[in-house]
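Spelled out, the chains give:
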Amino acid sequence: MKLDTLIGEPWADYGLVDSGNGKKLERYGRFRFIRPEPQALWAPATDDWRAAGEFVPGSDEEGGGRWIHHEQTPREGWPLRWNEVSFTAQTTPFRHLAFFPDMAPVWGWMRERLEGAESPECMNLFGYTGVGTLALSAAGARMVHVDASKKSVEAARGNAVLSGMADAPIRWIVDDAVKFVAREVRRGRRYDGILLDPPKYGRGPDGEIWRLEEDLPDLIADCRQLIDENSRFLFLTVYAVRMSALAIGEMLRQAFADLPGTVEAGELGVREEARGLTLPTAIWARWSR
């Protein structure tokens with residue numbers, strides 16, 4: 001299987017300014033932040049890393065850590081924009097800023113796949129704060145947005161209001177992704193496109209446990225039942241570094257072997273502004289027709 005790289009380019013409200021020595025310097029609108037980045041194995045382009053804040057990771061392998069703020073930033077966040085979509089950025093206890101900027105090329109690719117489709121229906125599983133959902137909705141899709149966190153779904157609905165899309169055809173679902181997809185299969189539903197961005201570990205609203213390596217194959221198998229020969233895509237991103245793009249690509253190839261179309265896999269990365277190098281961030285696999 002041929003591997004490819006999807007590279008996120010800088011845009012007006014986001015850019016990877018510099019990277020190196022296990023960290024990255026990014027701009028989010030008018031603020032700059034420093035975050036850990038184990039894949040930045042090289043030296044940075046410059047020592048001038050002035051920033052509004054830095055996330056200092058915990059000492060254990062399971063994550064944790066805290067933000068150290070050098071400048072005051074709005075406690076309730078500040079608005080950013082990607083194409084037609086407006087959303088709120090803010091520092092979170094999970095080291096990110098309430099969205100994943102490296103997903104921008106994925107949003108663009110999915111929108112291209114939907115061109116020419118009449119009122120396509122798509123689903124965003126583990127949809128978080130909804131930027132991907134709104135990117136597809138702005139392109140004319142009827143959306144189902146699923147996340148186990150009520151707080152995340154509320155943030156996504158807030159981003160819809162911020163984008164002027166409060167009345168867009170989006171179903172906001174607080175539910176365990178595995179259970180919801182299984183019910184959709186029993187209902188005989190179908191989708192034109194599915195986006196999955198699962199965490200390595202998570203809990204559902206009723207205490208359900210999600211473990212990526214154990215639960216992903218069965219979830220993909222159920223998602224396959226929601227896709228048919230007229231569907232446009234399924235896109236999977238994985239941030240667990242112990243997994244391989246080749247492995248998840250083969251999983252999708254087998255799951256979609258009975259459908260026409262193409263299965264591809266590769267890495268996700270972000271273009272650094274200082275030197276133009278690519279910082280890898282995740283792996284992905286996709287089926288498309």
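It is worth spelling out the overall build of the chain at this point. For the chain, the count of helices and strands is six helices and 17 strands. Along the first, second and third principal axes, the C-alpha atoms of the chain reach 55 × 40 × 40 Å. Look at the contacts in the chain between residues 6 or more apart in sequence, and 61% of them connect residues 24 or more apart. Of the accessible surface of the chain, which amounts to about 13500 Å², a share of 48% is contributed by carbon and sulfur atoms. Of the charged side chains in the chain, 36 are positive and 43 negative, and the gap between their average positions amounts to 2 Å.

What follows concerns the packing of aromatic side chains. One pass over the structure, following the stated rule, counts 18 aromatic pairs. Ring centres of tyrosine 14 and tyrosine 28 lie 5.2 Å apart, and the angle between their planes is 65°; this geometry places the pair in the edge-to-face category. You can see tyrosine 14 sitting in strand β2 (residues 14-20) and its partner tyrosine 28 sitting in strand β3 (residues 23-28), a full 14 residues away along the chain. Comparing tyrosine 14 with tyrosine 28 shows no difference in burial state: the two are buried. Clustering of aromatic rings is evident, with ring pairs tying together Trp11, Tyr14, Tyr28, Phe31, Phe33, Phe55, Trp67, Trp78, Phe87 and Phe99.

Here we come to the sheet that holds strand β16 (residues 262-271). Backbone-to-backbone hydrogen bonds join strands into a sheet, with any given pair of strands oriented parallel or antiparallel. Pairing in this open sheet of eight strands is mixed, and the strands run β1-β16-β17-β15-β12-β9-β10-β11 from one edge to the other. Of all the strands in the sheet, just β1 (3-8) and β11 (170-174) have a single pairing partner and so form its edges. Along the sheet, successive strands turn relative to each other by an average axial angle of 20°, direction set aside. Contacting β10 (142-147) and β11, helix α3 (residues 150-162) runs over the sheet at an angle of about 160° to β11. Along the sheet face, helix α4 (residues 177-186) touches β9 (121-125), β10 and β11 and points at about 155° away from the line of β9.

What counts and how
Residues numbered from 1 in each chain as written. Predicted model: local features only at pLDDT ≥ 70, side-chain atom pairs only at ≥ 80, totals over all residues. Heavy atoms only, no water. Helix = DSSP H or I, 4+ residues; strand = E, 2+ residues; numbered from the N terminus. Contact = heavy atoms within 4.5 Å. Areas by Shrake-Rupley, 256 points an atom, 1.4 Å probe, with all protein chains shown as cover. Lys, Arg positive; Asp, Glu negative; His and termini not counted. Charge placed at Lys NZ, Arg CZ, Asp CG, Glu CD. Phe/Tyr/Trp six-rings, centres within 6.5 Å; stacked < 30°, edge-to-face > 60°. Buried < 20%, exposed > 50% of the residue type's maximum accessible area, 1.4 Å probe, protein only. Pairing = 2+ DSSP bridges. Axes fitted to C-alpha atoms, helices over the stretch in contact; angles between N-to-C directions.

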